Structure formats: structure tokens, C-alpha cells
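Below, each chain spelled out in residue letters.
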Amino acid sequence: MTDVTNLTAAELAGVIASGEASAAEVAEAFLGRIEAEDGAINAFLHVDAEGARAAARAVDEARAAGRELGPLAGVPVAVKDIMTTKGVPTTAASKMLEGWKPPYDATVVERLKAAGTVMLGKTNMDEFAMGSSTEYSAYGPTRNPWDLSRIPGGSSGGSSAAVASRMAPLSLGTDTGGSIRQPGAVTGTVGAKPTYGGTSRYGLIAFSSSLDTPGPFARNVLDAALLHEVIAGHDRRDSTSIPQPVPPVVAAARQGATGDLTGMRVGVVREFDEAEGAEPGVIAAYKQAVETLGKLGAEVVELSCPHFPYALPAYYLIAPSECSSNLARFDGVRYGVRTGDDGHNSLEEVMALTREAGFGPEVKRRIILGTYALSAGYVDEYYGKAQKVKTLITRDFTAAFEQVDVLVSPTTPFTAFEIGSRTEDPVQMYLADLYTIPSNLYGGPAISVPCGLSDGLPVGLQIMAPTMRDDLMYRVGAAFETTQTPLVPQR
Amino acid sequence: MMSTSTLPSYDDVVSRYEPVIGLETHVELGTRTKMFCGCSTEFGGEPNTQVCPVCLGLPGSLPVANAAAIEATIRIGLALNCTIAEWCRFARKNYFYPDMPKNFQTSQYDEPLCENGYLDVEVNGETVRIEIERVHLEEDTGKSLHVGGATGRIHGATESLVDYNRAGIPLVEIVTKPVPGTGVLAPEVARAYVTELRDVIRSLGVSDVRMEQGSLRCDVNLSLNKPGEEWGTRSETKNVNSLRSVERSVRSEMLRQASVLDAGGSILQETRHFHEDTGETTSGRSKETATDYRYFPEPDLTPMAPDPAWVAELKAALPELPRVRRLRLQADWGISDFEMASVVNAGAVELIEATIAAGGSSEAARKWWLGELSRRANESGVELGELAITPAQVAELQSLVDGGKITDKIARTVIEAVLAGEGDPAAIVSARGLEVVSDTGALTAAVDEAIAANPDVAEKIRGGNHAAAGVLIGAVMKATKGQADAKTVRELVIARLS
């Protein structure tokens, strides 16, 4: 038997179903890989070896009993530490929640379990999903398997690094402004943000409620679609969940794998081309990717989305505003850490000391930003205006999708940067999400698919689709993938 | 605290100042489950047994709005003649407090579910229209218990305990517009409004509206101004936990504000606490450093967009509202506005209606409930409905009187016995031997005795002066300890002396 950690999720499911390898053996192989690799990478905040072994055993028993297995039964998955896992520590990479064990599973985690996947553990991230590099984790940065001195993207950097370094074949992340796609791009993995409301937020520790979206990481488009299909679908515990059938993403990925995009219209956004700050190597890889899409039969159309340049500033008002309210509950009263409760400090003082000690610098920065943006006298000028921009960007997308089926762009303006090189300048960090944020404001799905290397580091192609047409991006992504050599880091 | 001796008299205050009142009322809805989760809303459970990740605000949890609570709020809005929004949202009200699990309350801000209504209330036989500004839906907070301090307040406490059973119970807030022009009647108007509102909500069956359990809570806003001048700064009085307290708190706050203004001071915009024991208010949290609640639309919930056709159905299906019902009853009973007002003021509408349903006449029912029973309720400082006598017992009492079994005077003794828990009127009459002395032999003997003892009076009656019979009747009544029927005695006396 070859090293199973080299197999795709679809292949793993196949060998488990056929009995070529047991789910237990597969789990041990990945646990062993984590043991060997994660000391250098720090992708995991918590490895649930016992839970993984028990889940794998259950799959093997089900198979032995002749029960039908789901398409991902026995396949290991790593889960971003922002999703609640019953009885398993969940910290959102914050000191604030050190030691907290949730009494319930997030809906997406519940669905992972129901599908017979094997959860390996919880992955590192920027604290409360605020960041683009995973440097803002309270538990140390995650390193990029392509170059350990570089970031794996963020905020879901633990999930991207785990998949890139074959410590897990699949992982879950969340995407609020690009937190799945950007780490996907800089680690050479596939990262998909489903339609907002297409995957349940129940059990996601909220950062920005109107934008947060859980989604998959994988090493290829089909695997991402398989995981997408497992976690997606209406959830009555999330009021913003869309009560419609899941778009046929797996079928679309298989269709795309034929490599034929005849009849597909692909839009390139003029305003993105004019944006400054993108690395030449990224632009070169992207231009080539667009050319390739044309060769696959797609019609490439240049169009204008005039409000896209306002997406980034609008995002940095909406997301902090919502986070300032969402994170208010972390006060040391009910769970997590409590600081300064010495019998002398007042309740207000204990709350303040707890928040002072429990939150890291980026979280504090955004809470302060958001508190200000919602303040009386400013709320209309900031939060209100940002909401208007959101509406205008939605109109840009709607108009664009009357002309084309999908839009494409680079996923991120630059490849993985050196750890420490952007933490001093928040705005430089925020620029990482320049191309990804518009889809979040619109609510539509978008995927990042590897499109080559620039100076030896992976570059991602972003494919954006209309809301609830997640299938389109998988089809285009899978077709594009047929033209690419799989990107595998040296490690 | 201001000493009572420095307060001006109420009449003096209303001769120099005009009060403006405003009422904010919170009603806990009687839905089976909480506003945003499936936890039970039952009152009185062991602390923190009716909780889940959602109402505890655990990280990752999300709210789902209770459709029954939205429907109940719309029905309240319709009963209060409000316009129902065709589209509106929940909003977050952000502030830190330990009994609020998320440190924001999911409420409504600039898009209430219902607005611009009114409620007509009767005060002293006159109709006062109270304009309703808004009716909105929100979630209740948990309950804090502060241990170790002298006051039970957070300051000075050594330990604070929080019960989250109440957290997330649907709460409807009903806010009036400012009500000027009530003058001397301000306290009565405030009380009449809360009473009427309580009755309206009770008639809708959406809440048990019990002030003593906190399912109806009232904040009283009050300001004073000199005639012709602008409205003054208002205070907001909380902890007003009974109808009587609503009235008392308005009156006491009028006196307090007048004395401050008389002394050249100014009224602080602040929250005050009403104290049942002293009947006075004390200063609470000052609103000078008003919290900025940083309201914004709740992103975890989808907008509410009640279908106008459905709202019209709800409106058509509203029950007969208390005021309409009162007008109908007044006509049925054939009484004047003034008499009806007395019935209403005494809080006796339902009691009288039930007494009539149990077989009493409307006159008798009113006589007992407004007379003897009101007097006793006043004496004991309780509401009429809290007396330990049922409408059925009152009806039974009257039938004993009508049947000649007891006299009106004995009936009062029977009431006392019922209130003391001795049982139903008929049983009490027979157990205590209170039945009218109708044995003519015994009565005749008593009459003869009275005639013998009062020969002059007897002579007058023989001479045709029947008015003089009173003296002999009185003597007989005394001899029979009031258990004789005065009319029978009179007939006997005249028969003996004719």
C-alpha cells in the first residue's frame, strides 16, 4: 500500500469502501503525518486522536456490518477552531476561550459526523478569524509548507497548511472577506466560499454575521465539491440559511473535469486590472489562466464593476461593526478566562480586565473600529454608508451576471509573504483581501484554484459565480484544473 | 431622601404645575417557548434549568425568531389601533450587563412592528385617549441576585448570581406618546391606562399580565412644567410593580419634582426607583452619561414582513375588547355612565358580570361589589378581585336575601364569615343559625313584649299613627338579635294593634 496521505479524498473514500485500507489505518496515517510535520508547521491547535480513532472505528464497523457508506465515509477532515465541537476544545485561537469545551456541535460539524468523516482536530487561525496570515493566533503563527518562513494565508491558515502539507486530505475554513480563498491561493490548495446562507453558520463563533461563510479546503476541485455537498444545505437553526436545494456541485465538478467550457462566458473585471499593488508574477499567472480558459472553449468578456474599488473600505466598516457587537459576550462572566476577579475589582472592572487580557491586538483594533463606526452621530456616515456600498456592489454583480456566467480574477494580489513583514501595517495586511471581498459583500460563491507559481510560490485563480450557482464555479474550476500540474510543496 | 414635611400639598402642586406623563410597559408573552430558542418560558423553575446555547448566548449560537411571539405582538398592536409594519427588522441594543448573555439585547429600534395607535381609557366617567407611539418585540434579560449587600442592589454586594431562565423570554414593549393635559388626574390616568392595557392584553390571551410576577412591568415617565411653558425634564421611574403603585408613583414624583423646582433646583434626567413601602422614589442610574446603545439591524435574523392579508385576518379575529365589552355590559345592565365608571374604577366589571352569570341580579351584584365588598377590600388594602369571595358566593348570598332566609344586615355577617374561609353562604347561615326568625309564635311573643313595654307608643299606633311603629320594630329587632325580618315585624305590630 502506498502512503495514503498522498491520495485525494475521493481516492481515500474509494480505498476505504473497497476495503483496500481501513478507516482506522487511514486515520493513523494522517495522525502520524501530523505527529511528524506539525511541530514545524503549527497547523493544529488541538489534535483529537482519540475522537478520530473512534470515528474511524465506527466507519469500519459500519462497513463490516454491510451498511451503506457516504461518499466521504472514513475520510479525515481538519476543522477550523472557530467551529464548535462538542466536548472538544474550541478557542477561535484566542486566549479568551482557552480551555472552553462547547456543549454542542456546529451544524457543519454535525454534518461531517453524520457523513462518517473522521475529524482529526482543530486548526489554527487568526484570532476570531481576524487577519490574513494566521499570525494573529494567540497560539503562535502557522507556517506555509512551501516556505516555513512565510505565512499560510488567513484567517483559515491552519486549515490550508494542513491540506497543503498532507496532514489532512480535507479541511473546513470560514470566509468572511477571503479567509478561505486567500489561504487556498497562497498554499496551492483549492478553497471555496459557498453562497452566503448556503452553508449553516450555526456553531460558527461569529466574526461578521452578515458575511461569515463556512466552506471547504481540498487538494483538488472535486474533493472540495464532495466536502461542500456534505456540509451545505438548509439549517433551520440559522435564520439566514437559504431554504433551497444544494446546487449540484459534485456533478458540476465532474462535468468540468471533461475540460470543455464551450458556451461558458467568463468575465474579467476592468477595475481589478486597474488596481494597484498586485505582484507582476501574480498578474502574469492570472493572465495566462484567462488565456487557458479561452482555449478550453470559454468566451472571455471584459466588463466593468464600477463599485468594486469601494468594497475594501466598506468591508472594513461592516465587519468590525458586527464584530464589536458579536464579541461583546466575551466578558469572563459565563465561560472562558476571567481576569482580575480578586474580590476588590467591580464587575465592570473584571469585564474590562478580562477583555484587555483576553483579546489580541488585531481583535482590539477591529472592536474599536466597529464601536466607533456604530456610535451615535457616526453610524449613518460609516455603517450606513457601507451598507449602501454593499447594495451597489450587489448590483454590479447582478449586472455582470447578465453578461457572463462567472467572473475571474487573481485570488490575492501577492503570494505568501514573510512572517512578520505586514503585521506592523494593518492596511498592507488588509490589501490581501482586495479581490475576495466583493463576493462576500454580494453573498455569491467564489473559489480559488491553483494557477501556477510565481517565484516558486503558489498563485490562485478566483472564480466568482451568482448566488446559489456554486455549481458554475466548480465546473469552471475543474475544467481549468485539467490544464494544471498539481502543486506539491517540497515537504 | 427628601423629608416628607418639605413637600408641598398635591392640590398646591397641580394649581401651579402641569404634569406630562408617559408610560413604557413591558409585557412578557405567554408563548410556550422563548423568543429565539426552544426553551420553556414557565415561571418559577429552578435557576438556570430552562437554558440552552442560544439563550445563554454561547459562542456560535444563533437566534431563530418565534413566530407565535410575532403574531401575539401584531395582535397587541391591532388591539391598540396601531399600524402594522409591512417590513421591519430586529436590531441589536449594545450594552454590557451580566444578566444579558450576549451583552446586547435583540430588540427593535427605528423599525418597530407596530406604531401610531391609541388606547381610550375612562377616568371619572370621561374618556381620555392615550396615544401609542410604538409596540415592539424584544427578548427579556436574565435576573440578577446580589448577595451580601444591605440593599439587594449591585453596589455593596459581595456576590452576584444570575438566573438565565428569564433570558430570552419574548417581551413586548408598549410606549405611549407623552400625555399632557391630565392635570390633577395624572395619577388616575396613568393607573387607568395600565389597567386598560392589562385588560386588553389579557383579553387577547397572549400574556397572563401579572404585575406581581413581573409579566407586566411599567416604567413611569413624568415631567412638570409651569402653565404656558415648555415641557420639563422627565424622570423615569422603575420598579412600579402594581396598579396602585403606578398611581402612587406619579403622585409622589409630582410632589418631589415640584419641591425641587420650588427650591430653584432643576430636574435631572435620570432613572428613579419606586419603593412600595414608603411610596417614594429614589435616584437610580443617571442618564446624563447616557449609554450609546450603538443600535444596528440584527444580522442574524431575517426581516419580518407580515403579509397584509394575514394581518387583516388577525384583525378580524380579535376578540371583543374590554372597552367595547364594557359599553355592551353597561347597556345590558341599564346603568348610567357614572354608575358604570364606578364599576370600572372599582375593578368590578368582570366580578359583576360573573355574579350575574351565577344567577345574581345586576343591581344586587353591583350593590355588593361596590358597597360592602369594596369597603372591605379598601380596609385590607387589596384589589377587589383578591378578596376571598367568589362571584358565585355573592350570587348565593343574594339569593338567600331574596328568599327571605337572611336579612340584608345578616348578609354582611355572612360575608365576613365567607372572607374568613368558613365556606359558602348557605352553609354558613345554617351552621351559625343565622336564618331569619320567621316562626310567628316566637315573633308574636317578642312583639307582645315590646307592646307591653311601650304602652304610649302602642296607643299612638292604635290611633292610626303607623309611623310610630318604628320604635316597636326596633325593640323586636333588638330582642331577636337582628335575625327577624323588619317587614314581617312591622306587619305583626300593626295587626296586633288594629
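Worth saying up front: this structure is predicted, and the values here are computed from it rather than measured. (Residues numbered from 1 in each chain as written. Chains lettered and ligands numbered in written order. Predicted model: local features only at pLDDT ≥ 70, side-chain atom pairs only at ≥ 80, totals over all residues. Heavy atoms only, no water.)

Q: Tell me about a nonpolar patch on the surface, residues and numbers included.
A: A contiguous nonpolar patch, built from Leu145(B), Val147(B) and Leu161(B) and spanning about 250 Å² of accessible area, is present on the exposed surface. Considering the arrangement of structural elements, one finds Leu145(B) in strand β7 (residues 143-147). (Patch = residues over 30% accessible without salt bridge, like charges linked within 9 Å, V, L, I, M, F, W, Y side chains within 5 Å. Areas by Shrake-Rupley, 256 points an atom, 1.4 Å probe, with all protein chains shown as cover. Salt bridge = Lys/Arg side-chain N within 4 Å of Asp/Glu carboxyl O. Helix = DSSP H or I, 4+ residues; strand = E, 2+ residues; numbered from the N terminus.)

Q: Please provide a residue-by-residue account of the sheet that holds strand β3 (residues 118-123) of chain A, values included.
A: All names here are of chain A. The mixed open sheet is built from 11 strands, whose spatial order is β1-β3-β2-β4-β6-β5-β10-β11-β9-β7-β8. For this open sheet the edge positions go to β1 (44-47) and β8 (299-303), each flanked by a neighbour on one side alone. Across this sheet, the average inter-strand angle for adjacent strands is 30°, counted without regard to direction. In this sheet, β8 lies alongside strand β7 (residues 265-269) in parallel orientation, the contact comprising five bridges. Considered in β8, the bridge of Val268 is made with Glu302. Relative to strand β6 (residues 213-218), helix α7 (residues 221-231) is tilted by about 145°, and along the sheet it contacts β4 (170-175), β5 (190-193), β6 and β10 (446-454). (Pairing = 2+ DSSP bridges. Axes fitted to C-alpha atoms, helices over the stretch in contact; angles between N-to-C directions. Contact = heavy atoms within 4.5 Å.)

Q: Now, about the pairing of strand β5 (residues 114-123) of chain B: what can you tell me, with residues and values included?
A: All names here are of chain B. Pairing of strand β2 (residues 83-84) with β5, which is carried by two bridges, proceeds in the antiparallel orientation. Bridge pairing links Thr83 to Glu115 in β5. With nine bridges connecting them, β5 and strand β6 (residues 126-139) associate as antiparallel partners. Looking at β6, one finds that Cys114 is bridged to Val135. Hairpin remark: β5 followed by β6, antiparallel, with two residues in the connecting loop; positive phi at Asn124, about 50°.

Q: Give a detailed account of the UniProt feature "active site" (unreviewed entry) in chain A, specifying residues and quantitative values.
A: Residues and elements named next belong to chain A. Here, the residues flagged by UniProt with the feature "active site" (unreviewed entry) are Lys80, Ser155 and Ser179. Across 100 residues of sequence, these annotated residues stay compact in space, with a maximum C-alpha separation of 11.1 Å. Position of Lys80 relative to the elements: it lies in strand β2 (residues 76-80). The contact partners of Lys80, leaving out residues within four places of it in the chain, are Lys122, Thr123, Met125, Ala129, Ser155, Ser156, Ser159, Leu172, Gly173, Thr174 and Ser179. Reaching out from Lys80, the side chain makes a polar contact with the side chain of Ser155 at a distance of 2.8 Å. Inspection of the secondary structure assignment puts Ser179 in the loop between β4 and α6 (181-187). According to the relative accessible area criterion, Ser179 is buried, its value standing at 4%. Residues contacting Ser179, with those up to four places away along its chain left out, are Lys80, Ala129, Gly131, Gly154, Ser155, Ser156, Thr174 and Phe217. Within the local environment of Ser179, its side chain forms a polar contact with the side chain of Ser155, the two groups lying 2.9 Å apart. (UniProt positions renumbered as here; feature names shortened; annotations may be inferred. Polar contact = N/O pair within 3.5 Å; in protein donor to acceptor, adjacent residues only side chain to side chain. Buried < 20%, exposed > 50% of the residue type's maximum accessible area, 1.4 Å probe, protein only.)

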